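Observations on the three-dimensional arrangement
Listed below are the residues making up each chain.
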Amino acid sequence: TQLIPQQFAEIARLSDVVRADDIQAVTANSNPEMGKQVLAHFNRECLVGTPRQDLYAHLEALSDESFKELMGWVLFGRDYTPRDGDPTEVLGRYIRDAEIYPRHGQETYLEWKPIGQYLRDASKHLLTTTSKDIKRAQDDNYEAEEDEEFDR
């Protein structure tokens, strides 16, 4: 089941491509014999129409409302744990509370994050988190807080 808004699908795909390129460049950079690949990666990044530039253009083209929604989905996918409560309600809060200004800074922030992975994680949280998971996580958290109090 696809829960992520369709308008974010291309952004997720481009982010995945950019992340794979970055990982390849880091791997190449750690091996001196692969310096040519690093240089090629750098040159690709400087040219118009690279996946990173396409990703940034897609982020820039989103309305403020859509960008706020994307930011909420990304942060939810990155940070959510069952301890936070019902994932649907928590996602709503993340979207409502997402900071999108200064817009250029937030676009640049997202550009360097694994957006595709965070969106897949968000979907997984929504589809697989059960009320038992939430109760167990909150009970574990309560016990940890009690232990902390006892240790003081």
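Residues numbered from 1 in each chain as written. Predicted model: local features only at pLDDT ≥ 70, side-chain atom pairs only at ≥ 80, totals over all residues. Heavy atoms only, no water.

Some remarks on the overall build of the protein chain
For the protein chain, the helix and strand inventory stands at eight helices and zero strands. Taking the intrachain contacts of the protein chain between residues at least 6 apart in sequence as the baseline, contacts between residues at least 24 apart amount to 78%. Surface accessibility of the protein chain: about 9500 Å² in total, with carbon and sulfur atoms responsible for 54%. (Helix = DSSP H or I, 4+ residues; strand = E, 2+ residues; numbered from the N terminus. Contact = heavy atoms within 4.5 Å. Areas by Shrake-Rupley, 256 points an atom, 1.4 Å probe, with all protein chains shown as cover.)

Here we look at the environment of Tyr80
Structurally, Tyr80 can be placed in the loop between helix H4 (64-79) and helix H5 (87-97). Judged by its relative accessible area of 5%, Tyr80 falls in the buried class. Separated by 45 residues in the primary sequence, Tyr80 and His125 place their C-alpha atoms 7.6 Å from one another. Filtering out sequence-adjacent residues up to four positions away, Tyr80 remains in contact with Leu75, Gly85, Asp86, Pro87, Val90, Tyr94, His125, Thr129 and Ile134. A polar contact is formed between the side chain of Tyr80 and the backbone oxygen of Gly85, at a distance of 2.5 Å. (Buried < 20%, exposed > 50% of the residue type's maximum accessible area, 1.4 Å probe, protein only. Polar contact = N/O pair within 3.5 Å; in protein donor to acceptor, adjacent residues only side chain to side chain.)

Examining the packing of H4 against H5
When two helices pack together, you describe them by how their axes are tilted relative to each other and by the distance separating the axes. With their axes 7 Å apart at the nearest point, H4 and H5 run at an angle of 130° to one another. Relative to H5, H4 is oriented oblique. Relative to H5, H4 is oriented so that their crossing is right-handed. Two secondary-structure elements touch here, H4 through Lys68, Glu69, Gly72, Trp73, Leu75, Phe76 and Asp79 and H5 through Pro87, Val90, Leu91, Tyr94, Ile95 and Arg96. When grouped by side-chain class, the residues that make up the contact of H4 with H5 number eight nonpolar, one polar and four charged. (Axes fitted to C-alpha atoms, helices over the stretch in contact; angles between N-to-C directions. Parallel < 35°, antiparallel > 145°, perpendicular 65-115°, else oblique. Left-handed = near helix turned anticlockwise from the far one by under 90°. Nonpolar A, V, L, I, M, F, W, Y, C, P; charged D, E, K, R; others polar.)

Observations concerning the environment of Thr81
Along the chain, Thr81 turns up in the loop between H4 and H5. C-alpha separation for the pair Thr81 and Gln138, spaced 57 residues apart in sequence, amounts to 9.8 Å.

Observations regarding the packing of helix H3 (residues 51-61) against helix H6 (residues 103-111)
Their axes nearest at 10 Å, the elements H3 and H6 cross at an angle of 140°. The orientation of H3 relative to H6 falls into the category oblique. H6 is crossed by H3, and the crossing has right-handed handedness. Along the contact surface, H3 presents Arg52, Leu55, Tyr56, Leu59 and Glu60, while H6 presents Arg103, His104, Glu107, Thr108, Leu110 and Glu111. Here the residues of the contact of H3 with H6 are counted per class, giving four nonpolar, two polar and five charged.

Considerations on helix H7 (residues 115-128)
Taking 1.5 Å of rise per residue, the 14 residues of H7 would be expected to cover 20 Å, and the 20 Å separating its terminal C-alpha atoms lies within 8% of that figure. Buried residues of H7: Ile115, Gly116, Tyr118, Leu119, Ala122, Ser123, His125 and Leu126, and no others. (Expected span 1.5 Å × (residues − 1).)

Without other data, these values stay purely geometric and don't point to any function.
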